[in-house]
Amino acid sequence: AQTVTQSQPEMSVQEAETVTLSCTYDTSESNYYLFWYKQPPSRQMILVIRQEAYKQQNATENRFSVNFQKAAKSFSLKISDSQLGDTAMYFCAFMKSISNQFYFGTGTSLTVIP
Amino acid sequence: GAVVSQHPSWVICKSGTSVKIECRSLDFQATTMFWYRQFPKQSLMLMATSNEGSKATYEQGVEKDKFLINHASLTLSTLTVTSAHPEDSSFYICSARVGSGPTQYFGPGTRLTVT
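Since this is a predicted model, take the numbers as computed values, not measurements.

**Digging into the interface of chain B and chain A**
- In this assembly, 21 residues from chain B lie in contact with 18 residues from chain A.
- Both sides of the chain B and chain A interface together cover about 1,600 Å² of buried area, and 51% of this is carbon and sulfur.
- If you sort the residues of chain B by the area they bury against chain A, B:S43, B:P102 and B:F106 come out on top, with a joint share of 34%.
- Counting across the interface, chain B meets chain A through 0 salt bridges.
- In this assembly, chain B and chain A are joined by 9 residue pairs in polar contact (both at pLDDT 80 or more).
- For the side of chain B that touches chain A, the residue count by class is 9 nonpolar, 9 polar and 3 charged.

**Description of the side chain of B:Q104**
- Relative to the helices and strands, B:Q104 resides in strand β10 (residues 104-106).
- Here the side chain of B:Q104 touches B:S95 through a polar contact of 2.7 Å, side chain to side chain.
- Those residues in contact with B:Q104 that lie beyond four places of it in its chain are A:Y37, A:M95, A:N100, A:F102, B:F34, B:Y36, B:S95, B:A96 and B:R97.

**Quick notes on the state of the cysteines**
Residues and elements named next belong to chain B.
- Using the criterion set out here, one finds 2 disulfides over all chains in the structure.
- A sulfur-sulfur distance of 2.0 Å marks the disulfide that ties C23 to C94. Looking down the S-S bond of the C23 and C94 bridge, the torsion is 80 degrees, so its handedness is right-handed. Within this pair, whereas C23 is found in strand β3 (residues 19-25), its partner C94 is found in strand β9 (residues 90-97), the two being separated by 71 residues in sequence.
- Judged by its relative accessible area of 0%, C23 falls in the buried class.
- Here C13 is not cross-linked by a disulfide; its sulfur's nearest cysteine counterpart is in C94, at 18 Å.

What counts and what doesn't
Residue numbers restart at each chain and count upward from 1, following the sequence in its written direction. All chains are assigned letters beginning with A, and all ligands numbers beginning with 1, in the order in which they are written. Reporting of local features is limited, given that this is a predicted model, to residues whose pLDDT is at least 70; pairs of side-chain atoms are given and counted only at 80 or more, and all residues count toward the totals for whole chains, interfaces and linings. Hydrogen atoms and water are omitted, and side-chain values are computed over all heavy atoms in the structure. Only heavy atoms enter the contact rule, under which two residues are in contact if any of them lie within 4.5 Å. The buried area of a pairing is the accessible area, by a 1.4 Å probe, that goes missing from both parts when the two are put together, added over both. One side-chain nitrogen of Lys or Arg within 4 Å of one carboxyl oxygen of Asp or Glu is enough to make a salt bridge. Residues adjacent in sequence count toward polar contacts only when both atoms are side-chain atoms; beyond that, a polar contact is any pair of N or O atoms within 3.5 Å, and within protein one must be able to donate a hydrogen and the other to accept it. Ten residue types, Ala, Val, Leu, Ile, Met, Phe, Trp, Tyr, Cys and Pro, are classed as nonpolar, four, Asp, Glu, Lys and Arg, as charged, and the remainder, Gly among them, as polar. Helix numbering and strand numbering both begin at the N terminus, where a helix is a DSSP run of H or I of at least 4 residues and a strand a DSSP run of E of at least 2. Two cysteine sulfurs form a disulfide in these notes if their separation is within 2.5 Å. Residue burial is assigned from relative accessible area. The probe radius is 1.4 Å, only protein chains are included, and a residue is buried under 20% of its type maximum, exposed over 50%, and partly exposed in between.

Written out as structure tokens, the structure is:
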């Protein structure tokens, strides 16, 4: 079974500062994907960033980057230059390549303080 | 990007009645759609995988006779909550898979309240 753990239920960061959200996962699969999704108060799930497990290079998307440590099964999200619009719930998710089913972590509620 | 819609966005029904939720991929064909349930301040829990033209695959613990899923076309999947009870009140979200890869798009969700 796949499990995804987010150990930080709530976090806050000052506007323009940098914050890192933690995520660990457990799997015996060799081919998989990892994702970070943002869920603002509207409840719409928004893809932040995706990482293919076979790629060693960490994914980046503008102010968002990940630190993917495959051996440690760790997948943290770094948000640089935090903006008020980044305030949301953030979910780490695992997907098996074969099934395309998501397994979500419990989420981290991020608040950006002006 | 691709758009997935859900209808209705919010529904209130009486205990014992059934309610249908639609999930549509508006500008792409989705051979696979997924249904999730999310309780307040909790994560998304996968309920079932819906493949066009075949029976849905339900996750362990999900009652298939209570949560009826139909994927009649490449752009539409429906979730019917039968004989709804107050404990079925939740936020239901669908996602649609694009092609054969890992890309999925999520619908905006449907809030179900059973009184």
